[in-house]
Amino acid sequence: MYWIIQFIIRHRNFSSLLVTVIASLLMLNADLARQQAVARVLTISVFYPFQFTVSQAARVRRLFSENKKLREEITALSVKCAQLEEAAAENKRLCGMLGFEENFSHTLLSARVVVREPSHLCRSIVINCGKKHGAALYMPVIHKDGVVGKIIQTLSAISLVQLIRDPTERISVMIKKNREVGILETPDSRNFFIQCRKYAEVSVGDTIVTSGLGGIYPRGLMVGTVVEIRESSDPLFKDLFIFTSVDFFHIDEVFVMKLAPQWASFRSELDSLGYK
Amino acid sequence: MVETVVKWFAAIVICLVLQTTLVPLMSIFGIQPDLIIIVLALLCLEYGMTAGIYTGFFLGLLLDTYSPSLLGQNALAKTLLGFFFGIFNERVMRTDPLIKIVILVVGFLVHDLLFFGTQLFKYGDSFSHLFYEILTRTLPRAVYSVIIALLIAFWNTSIKPNLKR
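Residues numbered from 1 in each chain as written. Chains lettered and ligands numbered in written order. Predicted model: local features only at pLDDT ≥ 70, side-chain atom pairs only at ≥ 80, totals over all residues. Heavy atoms only, no water.

(A) Fine view of the side chain of Asp239 of chain A. Residues and elements named next belong to chain A. Note that Asp239 resides in strand S11 (residues 237-244). A polar contact is formed between the side chain of Asp239 and the side chain of Gln195, at a distance of 3.4 Å. Asp239 has contacts with Phe193, Ile194, Gln195, Glu228, Ile229, Arg230, Glu231 and Ser232, leaving out every residue within four places of it along the chain. (Helix = DSSP H or I, 4+ residues; strand = E, 2+ residues; numbered from the N terminus. Polar contact = N/O pair within 3.5 Å; in protein donor to acceptor, adjacent residues only side chain to side chain. Contact = heavy atoms within 4.5 Å.)

(B) Expanded view of the packing of helix H2 (residues 35-47) of chain B against helix H3 (residues 49-66) of chain B. All names here are of chain B. Two elements in contact, H2 and H3, have axes whose closest approach is 8 Å; the angle formed by their N-to-C orientations is 160°. It follows that H2 is roughly antiparallel to H3 by the angle criterion. Where H2 crosses over H3, the two elements pack in a sense that is right-handed. Contacts from Ile36, Leu40, Leu43, Cys44 and Tyr47 in H2 reach Met49, Ala51, Gly52, Thr55, Gly56, Leu59 and Leu63 in H3. By residue class, the composition of the contact of H2 with H3 is nine nonpolar, three polar and no charged. (Axes fitted to C-alpha atoms, helices over the stretch in contact; angles between N-to-C directions. Parallel < 35°, antiparallel > 145°, perpendicular 65-115°, else oblique. Left-handed = near helix turned anticlockwise from the far one by under 90°. Nonpolar A, V, L, I, M, F, W, Y, C, P; charged D, E, K, R; others polar.)

(C) Main features of a nonpolar patch on the surface. All names here are of chain A. Taken together, Met1, Trp3, Ile4, Ile5, Phe7, Ile8 and Ile9 make up a surface patch of nonpolar side chains, about 790 Å² in accessible area. Counting through the fold element by element, Met1 comes out in the segment before helix H1 (2-10). Given the relative accessible area of 71%, Met1 is considered exposed. (Patch = residues over 30% accessible without salt bridge, like charges linked within 9 Å, V, L, I, M, F, W, Y side chains within 5 Å. Areas by Shrake-Rupley, 256 points an atom, 1.4 Å probe, with all protein chains shown as cover. Salt bridge = Lys/Arg side-chain N within 4 Å of Asp/Glu carboxyl O. Buried < 20%, exposed > 50% of the residue type's maximum accessible area, 1.4 Å probe, protein only.)

(D) Structural view of the interface of chain B and chain A. In this complex, chain B contributes 22 residues to the contact, which on the side of chain A involves 22 residues. Across the chain B to chain A interface the summed buried area is about 1,900 Å²; carbon plus sulfur atoms make up 79%. On the surface where chain B and chain A come into contact, there are three residue pairs in polar contact (both at pLDDT 80 or more). Breaking the side of chain B that touches chain A down by element, the ones donating at least two residues are helix H1 (2-21), H3, helix H4 (73-87) and helix H5 (97-123) of chain B. Counting residues per element, the side of chain B that touches chain A draws most heavily on H3 of chain B, which supplies nine residues. The residue inventory of the side of chain B that touches chain A, partitioned by class, reads 15 nonpolar, six polar and one charged. (Buried area = accessible area lost by both parts, 1.4 Å probe.)

(E) View of the sheet that holds strand S9 (residues 207-210) of chain A. Residue and element names in this part refer to chain A. Read around the closed barrel, six strands run S6-S7-S8-S11-S10-S9, paired in antiparallel fashion. Strand-to-strand, the axes of this sheet are offset by a mean angle of 40°, without reference to chain direction. Relative to S11, strand S10 (residues 222-231) runs antiparallel, the two sharing seven bridges. For Glu231, the partnering residue across the bridge sits in S11 and is Lys238. (Pairing = 2+ DSSP bridges.)

(F) Spatial organisation of the packing of helix H2 (residues 12-29) of chain A against H3 of chain B. The contact between H2 of chain A and H3 of chain B brings their axes to 8 Å, and the two run at 15°. The angle between H2 of chain A and H3 of chain B places the two elements in the roughly parallel class. The two elements H2 of chain A and H3 of chain B meet at a crossing, and its hand is left-handed. Where H2 of chain A approaches H3 of chain B, its residues Arg12, Asn13, Ser16, Leu17, Thr20, Ala23, Ser24 and Met27 of chain A are matched on the opposing element by Met49, Thr50, Ile53, Tyr54, Phe57 and Leu61 of chain B. Taken together, the residues of the contact of H2 of chain A with H3 of chain B sort by class into eight nonpolar, five polar and one charged.

(G) Quick peek at the pattern of salt bridges. Residue and element names in this part refer to chain A. Considering all chains together, one arrives at 13 salt bridges over all chains under this definition. Here Lys150 and Glu169 are joined by a salt bridge, their closest N and O atoms 2.5 Å apart. A residue pair is termed long-range when its members are at least 10 positions apart, and Lys150 in strand S4 (residues 146-154) and Glu169 in the loop between strand S5 (159-163) and strand S6 (171-175) qualify at 19 residues. Across the pair, Glu169 and Lys150 agree in class, each one buried. The salt bridge partner of Glu231 is Lys198, with a shortest N-O separation of 3.4 Å. Linking Glu231 in strand S10 with Lys198 in the loop between strand S8 (192-197) and S9, this pair joins segments that are 33 residues apart in sequence.

Interpretation in functional terms is not warranted from these geometric data alone.
Structure (structure tokens):
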């Protein structure tokens, strides 16, 4: 045994060659089933760690691409979600308006706000309802939440609407619960107030509606609510500060009331008297 | 010793990976360089016959397992190739770069003669087919591989030392 080991060590090149060549030849001459069995064992024992590493690397690469794809899908779904939310909000708004229109006795022309004054003052808007749609001068413009203003100029397809927040606009209003009448004014397009009799019964939260006395707006249109009551400089009156029910910065759809001013029927007589 | 083994093991693994991934992309008229034979030649020239024989055997066995060929065909061819390259071990004899190129080309011929010879022996293929394969595939593959080997040698002798410096 010793001399065999000595021989192998001394002639290790040839003994190595002999061993490996014999092993190769044995494998070559083995039947197919045995070859497959050897290959299977080699695959499991030798290739598995490499295959595992490679598959893990491929998995990581796949995760990256999957992550990218999911990000893209999330972005697309976010956009879609935002669009759907917008559609849902519009639907809700339009449903509300539809209900409002159904409950209203006057003929209404629906219109969309196409131009808004690009400032904080926001005293007027332009709507896509003009003469050809039936709009005319001084027709009241309302929103489902309340009064918006009146038409002060009409063209064929559009009209200019003066909002009630314009300081030059004054409308006759009343406290809904006791019919106490006053004039709604705003000096700065932000603070709305009414002067009413000092001893009138009024409290914060009372609803203010149009009185129908101004000749343009019919009676009972929602204007706002009382938010503050102050002593007036005039000892006979007190100031009621009003929070308007319409959010003028976020109105999209409005209605034009097909309503001629109350003075229209006796316009000629007024003209003859010199009223403008 | 361990460092050397790890270095050569890594080199062989890289060559195997490149041979199956990148090299097919470098194919010209179906002819590809054989990085495995190049790395085997480099190893044998540096470390001799025994290292060459065992490396050739296990490399061949890996390739036999990996590719659907006769089990032992690559092992036998590469074992004997390792033996052949090991004869020209640089520790025993100094060889010119040109001689090394010739050794590499002859090594390819030896390898393919053994490879296709085994096939001929096992399946009774014709000699004309063997020579046809050697003429149309082995020699162009040897030339292509020599070019790649020269690039590797150029890297080893000219670029790598400068990078180290």
